[in-house]
Amino acid sequence: MATELTTDSCRLELLAGSIRQSVVRSLSAAGSGHLGGSMSSADILTSLYFSVLRHDPLNPAWPERDRFILSIGHIAPVLYATLAEAGYFEKDELLTLRRIGSRLQGHPGRDHQLPGLELSAGSLGQGLSVAVGMAIAAKMDHSGYRIYCLSGDGELQEGSIWEAAMAASDLCLDKLTVIIDRNGLQIDGPTEKVMALEPLKKKWEAFGWNAMECDGHDFISLLNAFNQAGMTTGRPSVIIAKTIMGKGIPSIEGDYHWHGKAPDKQQEEEFLKEILKY
């Protein structure tokens, strides 16, 4: 088992590197967008789409597919890059990010007909409520699919998150797993200075969730956490993934100023080299 996890980890590292490169290229082409959170979440999405989720790029509407909800819609570039890497559409389309008429807008929109999207996301704090609704539907229909929702840590300052968390626990939605991109930063700076979240794990536990922490950049740690969540019955699970904003580009790691910035052409070349060396 340990050998299998190590082998899978190496495969996922290569995929994550390719996804990070695609994010940088698409943001540079667009001239705007959110780089920092896309980088910190890249390993989470890589784990999901290439090891955890049951999905079929050739049949995106497969009824028994697992559902992935991106609640932090502004990190759409990393979701688009992951979907392209998985074969939902050609990678060349990533360079149309944010253009008029493109299927790849700054926030995901199902109305643009891009395959693989489960939610039109934008306003923070809403994704978990949608995921809870999907988990209720799965339970009522006795379906086997699971629902995964990725939320940002700054997003947890939204009250709607905690209303949904309370409902999920009360309804024993054990097919629901929330992943928190805990990079500790938001657009105005450190989360603990803007509005403190800690003790975060204890808060989720107090709401009746199976809460766990993991290294959000270590694939073995991530896969073990997803495995534990999958075996939990009677209550929903939350994985608090400790990450670093800008991960993979050492020159910008941990810098909240890159929350909503895109690289210019010179920075694109520099960042791509950094990712290849990482």
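Keep in mind it's a predicted model, so treat the numbers as computed, not measured. (Residues numbered from 1 in each chain as written. Predicted model: local features only at pLDDT ≥ 70, side-chain atom pairs only at ≥ 80, totals over all residues. Heavy atoms only, no water.)

**Q** For this particular structure, what's the right way to read the packing of aromatic side chains?
**A** Here the distance between the centres and the angle between the planes together describe a pair of aromatic rings. Here the structure, examined in full by the defined rule, presents six aromatic pairs. Both rings, one in Tyr49 and one in Phe68, keep their centres 5.8 Å apart while their planes meet at 75 degrees; by these two values the pair is edge-to-face. Linking Tyr49 in helix H2 (residues 36–52) with Phe68 in strand E1 (residues 67–70), this pair joins segments that are 19 residues apart in sequence. Relative accessible area serves as the criterion here: at 4%, Phe68 is assigned to the buried category. On the basis of an interplanar angle of 75 degrees and a centroid distance of 4.9 Å, the ring pair of Trp204 and Trp209 is categorised as edge-to-face. Residue classification places Trp209 among the buried positions, given a relative accessible area of 0%. Through a chain of ring-to-ring contacts, the aromatic side chains of Trp162, Trp204, Phe207 and Trp209 assemble into a single cluster. The ring of Tyr145 carries the charged tip of Arg67 above its face, separated from the ring centre by 3.8 Å. (Phe/Tyr/Trp six-rings, centres within 6.5 Å; stacked < 30°, edge-to-face > 60°. Helix = DSSP H or I, 4+ residues; strand = E, 2+ residues; numbered from the N terminus. Buried < 20%, exposed > 50% of the residue type's maximum accessible area, 1.4 Å probe, protein only. Lys NZ or Arg CZ within 6 Å of the ring centre and 35° of its normal.)

**Q** How do you make sense of unusual backbone geometry when you look at a structure like this?
**A** The bulk of non-glycine residues show a negative phi, and the bulk of peptide bonds are trans. Along the chain, Glu198 connects to Pro199 via a cis peptide bond; the corresponding omega equals 0 degrees. Despite not being glycine, Arg98 shows a phi value in the positive range, around 70 degrees. Structurally, the position occupied by Arg98 is in the loop between helix H3 (76–86) and helix H4 (127–140). Phi at His142 is positive, roughly 55 degrees, even though this residue is not glycine. Mapped onto the secondary structure, His142 falls in the loop between H4 and strand E2 (147–152). Using a relative accessible area of 74% as the deciding quantity, one classes His142 as exposed.

**Q** Would you mind showing me how to read the sheet that holds E1 here?
**A** The strands making up a sheet associate through hydrogen bonds between their backbones, and the pairing can be parallel or antiparallel. Strands sit in the order E1-E2-E3-E7-E6 across an open sheet of five strands; the sheet is parallel. The sheet is open, and its two borders are formed by E1 and strand E6 (210–215), each paired with just one other strand. Neighbour-to-neighbour, the strand axes of the sheet open up by a mean angle of 20 degrees, direction not taken into account. Taken together, the six bridges between E2 and strand E3 (residues 176–182) define a ladder with parallel strand orientation. (Pairing = 2+ DSSP bridges. Axes fitted to C-alpha atoms, helices over the stretch in contact; angles between N-to-C directions.)

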